[in-house]
Amino acid sequence: MTNNQSVIAWLEEMKALVNPDQVVWIDGSEEQLEALRAEACQSGEMIKLNQEKLPGCYLHRTAVNDVARVEDRTFICSRKEENAGPTNHWKDPQEAYKMLYDIARGSYHGRTMYVIPYSMGPVGSSLSEIGIEVTDSIYVVLNMAIMTRVGANVLEVLGDSDHWVRGLHCKCDIDAEKRYICHFPEDNTIISVNSGYGGNVLLGKKCFALRIASYLGWKNGWLAEHMLILGIEAPNGEITYVSAAFPSACGKTNLAMMIPPEGYKAKGYKVWTVGDDIAWMRIGEDGRLYAINPENGFFGVAPGTNQKSNPNALASTRQGTIFTNVVHNLDDNTVWWEGLDKNPPENAVDWKGNPWNGKTSTEKGAHPNSRFTAPAKNCPCISDEFDKGTGVPISAFIFGGRRAQTTPLVYQSRDWNHGVFVGSIMASETTAAATGAVGVVRRDPMAMLPFCGYHMGDYFQHWIDMGEKLGDKAPKIFNVNWFRLDEEGHFIWPGFGDNLRVLEWIVDRCKGEADAVETAIGYVPKAEDINIEGLDLDRETLKSILEVKNGQWAKEADGIEEFYKKFGDKLPKELREQLELLKKNVQA
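Just so we're clear, the structure is a prediction, and the values are computed from it rather than from any experiment.

Student: Tell me about the overall build of the protein chain, residues and numbers included.
Tutor: When its secondary structure is counted, the protein chain shows 17 helices and 31 strands. Against the compact-globule benchmark of 25 Å for 588 residues, the protein chain has a radius of gyration of 24 Å, which places it among compact chains. When the backbone C-alpha atoms are referred to their principal axes, the protein chain occupies close to 70 × 55 × 45 Å. Out of the 588 residues in the protein chain, the part that is buried amounts to 61%. Relative to all contacts within the protein chain whose residues are 6 or more apart in sequence, the contacts with residues 24 or more apart total 72%. For the protein chain, the computed accessible surface area is about 23300 Å², with 47% contributed by carbon and sulfur atoms. The averaged location of the 79 negative side-chain charges in the protein chain is 2 Å from the averaged location of its 61 positive side-chain charges.

Take a look at the structure:
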């Protein structure tokens, strides 16, 4: 399929290492993919679902010991340990290659080597990057065909270039003790062994799109971020694009596929999804920042996804989707998960493959991290810009977290460097769903803590440098908190589609059309500038969740100072200055 010498040489090396019985190139054709689906069903790797109710949909179960990303087995293998930084696990590259190759050696014996050429981003776009993943899993092939652009045309675009990301995946024995997901940023290489779970083996996902791409962006002057991309269309047809980062369990997917409240719909507001998880951004010819979603599908958490919480995500799963570790309803050969509806099937098989009765079982039927891999084009609100490859101009960055008090509903940074500070101190409080104590503040800068492929101090500096390049064309930076609680522990702000009321103020601020009040932490809206028409929320309550209490922020500043210590001399002086300014402001 290619005459690219760097590709041929690497594949020969991999073949000699893993010793497959045969090699199959993935050309992206529907005929080839359909044959692989049939083969996976025959071997028991996948189950074909009811093709009338769920056309083109399949069910897969992972091993019971292999159900999520394994951060403690995920390594950045940079040549110098300091380049991995304090927030990553590090291995020496030479030692890592030896260890991984010893595990992988001969592991394809009796198996097929599938070679997947794929593009992150529209094929041929100047904002896209190319990878080749070698795998012994049909499940991986079929998921990559949904999540990325796969096929021969990718190799045509690559030509004879040596600039592509090498990815080796070996299922081996799915041995949790020998499971490793290793990234070699200086070598454009990813190696994953002893896992079959999507987050560890779909190497275009977090491995390439964030860990490797963040390093490439650092070296080449662009950004690879753990961010959704959203277009907000006003009644006059003008679309403003924003990009937003949230830690898990903070409503990222819901925001990405938001449905406007009835009052806004009636006026003609629309919301368009460009991406739900990852944004790659480069400075365009006009000096603005342009973003693409490098992915081609959604790898979403199933439990809790339903017609009320996220109808657009649910609609995306109706065809051409692979479901992983959910309940198999034997009565009509469909799938179910907790939170889908209130009618669990009685004649079913749980995610482990055991008989399951949803009416009587005390065990959950679907794994809490069960997944759907769905084509983005299925989404009812997918943007016309999704496939164009030119990118959309970003007017605002939005950071957020889950805080019961302290952080107001929304505030705007004073300038770019203050905005980088706001992103760097992003935090959520642990909930009952997380293990350990409740209410503990966990910082997750820009929601990139597990995904930054190099030293996070250098990452902060890269953001500051990007601001200098962008100058007055830089996006405005905001922080939101949908999760303020009242004294009884109930959420005060309604969230979901009503978050558009806050986005409206953000868009107006970007255009210079809305007022704000300066506080110790930045600019907060006047309560009368947030539209609460039709909400069960009065103006005084709204004021209470816009209030900035200096005493709480003085305590917050202490926590930030403690967090910043781990970055040592690598913490940019601009962020130290912002912290000192915050401390001064909250004492005033």
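Student: An account of the pairing of strand β29 (residues 476-480) is requested, with residue identities and associated values reported.
Tutor: Walk down a regular strand and you will see the side chains alternate between the two sheet faces. The buried count for β29 comes to 4 of 5 residues, which makes it a mostly enclosed element. The pairing of strand β25 (residues 392-400) with β29 spans 5 bridges and is classified as parallel. Bridge pairing in β29 places Ile398 opposite Phe478. Relative to β29, strand β26 (residues 410-412) is paired through 3 bridges, and the arrangement is antiparallel. Within β29, the residue paired with Tyr411 across the bridge is Asn479.

Student: For helix α5 (residues 138-147), give the residues involved together with the corresponding values.
Tutor: Taking burial as the measure, the 10 residues of α5 include 9 buried ones, the bulk of the element. The backbone nitrogen of Tyr139 has a side-chain oxygen 3.2 Å away, supplied by the residue at the start of α5, namely Ser137.

Student: I'd like a description of the side chain of Lys252, backed by residues and values.
Tutor: With respect to the helices, strands and loops of the structure, Lys252 is situated in helix α9 (residues 252-256). By relative accessible area, which is 10% here, Lys252 ends up buried. Lys252 has contacts with His226, Met227, Leu228, Ala244, Phe246, Asp276 and Asp277, leaving out every residue within four places of it along the chain.

Student: Any chance you could break down helix α17 (residues 573-587) for me, citing the residues and the numbers?
Tutor: Spanning 15 residues, α17 covers 21 Å between terminal C-alpha atoms, matching the ideal 21 Å at 1.5 Å per step. Regarding α17, the residues found buried are Glu574, Leu575, Gln578, Leu579, Leu582, Asn585 and Val586. The arc that holds every buried residue of α17, seen down its axis, measures 140 degrees, which confines them to one face. Exposed and oriented more than 90 degrees from the buried face of α17 are Lys573, Lys584 and Gln587. At its buried positions, α17 is contacted by α12 (416-424), α13 (456-470) and α16 (550-564).

Student: Please set out the sheet that holds strand β22 (residues 348-349) residue by residue, giving values where relevant.
Tutor: Taking strand neighbours across the sheet as the criterion, the 4 strands line up as β21-β20-β22-β23 in an open arrangement whose pairing is antiparallel. In the strand order of this sheet, the two ends are held by β21 (334-336) and β23 (355-356), each with one partner.

Student: Can you tell me about the environment of Asp387, naming the residues and giving the values?
Tutor: By the secondary structure assignment, Asp387 is in the loop between β24 (371-375) and β25. C-alpha separation for the pair Asp387 and Ser309, spaced 78 residues apart in sequence, amounts to 26 Å. Filtering out sequence-adjacent residues up to four positions away, Asp387 remains in contact with Pro122 and Arg149. Within the structure, Asp387 has its side chain in polar contact with the side chain of Arg149 (distance 2.7 Å).

Student: Give me the lowdown on empty space enclosed by the protein, citing residues and values where you can.
Tutor: Taken as a whole, this structure holds 5 cavities of 30 Å³ or more when the rule is applied. The calculated volume of the largest cavity comes to roughly 110 Å³. Lining the largest cavity are 15 residues; nearest its centre among them are Thr407, Ile425, Met426, Ala427 and Asn479. Those elements that place two or more of their residues in the lining of the largest cavity are β29 and α16. Along the lines of polarity and charge, the residues of the lining of the largest cavity split into 7 nonpolar, 5 polar and 3 charged.

Student: Please give an account of the side chain of Asp136 that cites residues and values.
Tutor: The topology assignment puts Asp136 in the loop between β7 (129-135) and α5. Given the relative accessible area of 6%, Asp136 is considered buried. A distance of 2.7 Å separates a polar atom in the side chain of Asp136 from a polar atom in the side chain of Arg111. Polar side-chain contacts of Asp136 include one of 3.1 Å to the backbone nitrogen of Lys171. Not counting residues within four places of it along the chain, the set of residues in contact with Asp136 comprises Ser107, Tyr108, Arg111, Thr112, Tyr114, His169, Cys170, Lys171 and Cys172.

Student: For the sheet that holds strand β2 (residues 47-48), give the residues involved together with the corresponding values.
Tutor: With respect to topology, 5 strands assemble into an open sheet ordered β2-β3-β19-β24-β18, the strand pairing being mixed. The open sheet is flanked by β2 and β18 (297-301), the only strands paired with a single partner. Of the strand pairs in this sheet, strand β19 (residues 322-324) and β24 are connected by 3 bridges, and their pairing is antiparallel. Bridging across to β24, Ile322 finds its partner in Thr373.

Student: Mind laying out the UniProt feature "active site" (unreviewed entry) in the protein chain, listing which residues take part and the relevant values?
Tutor: Residues annotated by UniProt as "active site" (unreviewed entry) correspond here to Cys250. Note that Cys250 resides in the loop between β14 (239-245) and α9. In contact with Cys250, other than residues within four places in its own chain, are Gly401, Arg402, Ser428, Trp482 and Phe483.

Cut-offs and rules
- Residues numbered from 1 in each chain as written.
- Predicted model: local features only at pLDDT ≥ 70, side-chain atom pairs only at ≥ 80, totals over all residues.
- Heavy atoms only, no water.
- Helix = DSSP H or I, 4+ residues; strand = E, 2+ residues; numbered from the N terminus.
- Rg over C-alpha atoms; globule rule 2.2 N^0.38 Å.
- Buried < 20%, exposed > 50% of the residue type's maximum accessible area, 1.4 Å probe, protein only.
- Contact = heavy atoms within 4.5 Å.
- Areas by Shrake-Rupley, 256 points an atom, 1.4 Å probe, with all protein chains shown as cover.
- Lys, Arg positive; Asp, Glu negative; His and termini not counted.
- Charge placed at Lys NZ, Arg CZ, Asp CG, Glu CD.
- Pairing = 2+ DSSP bridges.
- Polar contact = N/O pair within 3.5 Å; in protein donor to acceptor, adjacent residues only side chain to side chain.
- Expected span 1.5 Å × (residues − 1).
- Arc of directions from axis to C-beta.
- 1 Å grid on protein atoms, 1.4 Å probe; cavity = no way out; pocket = protein on both sides within 12 Å on 5 of 7 lines; lining within 4 Å.
- Points joined across faces, edges and corners; volume = space filled by probe spheres on them.
- Nonpolar A, V, L, I, M, F, W, Y, C, P; charged D, E, K, R; others polar.
- UniProt positions renumbered as here; feature names shortened; annotations may be inferred.

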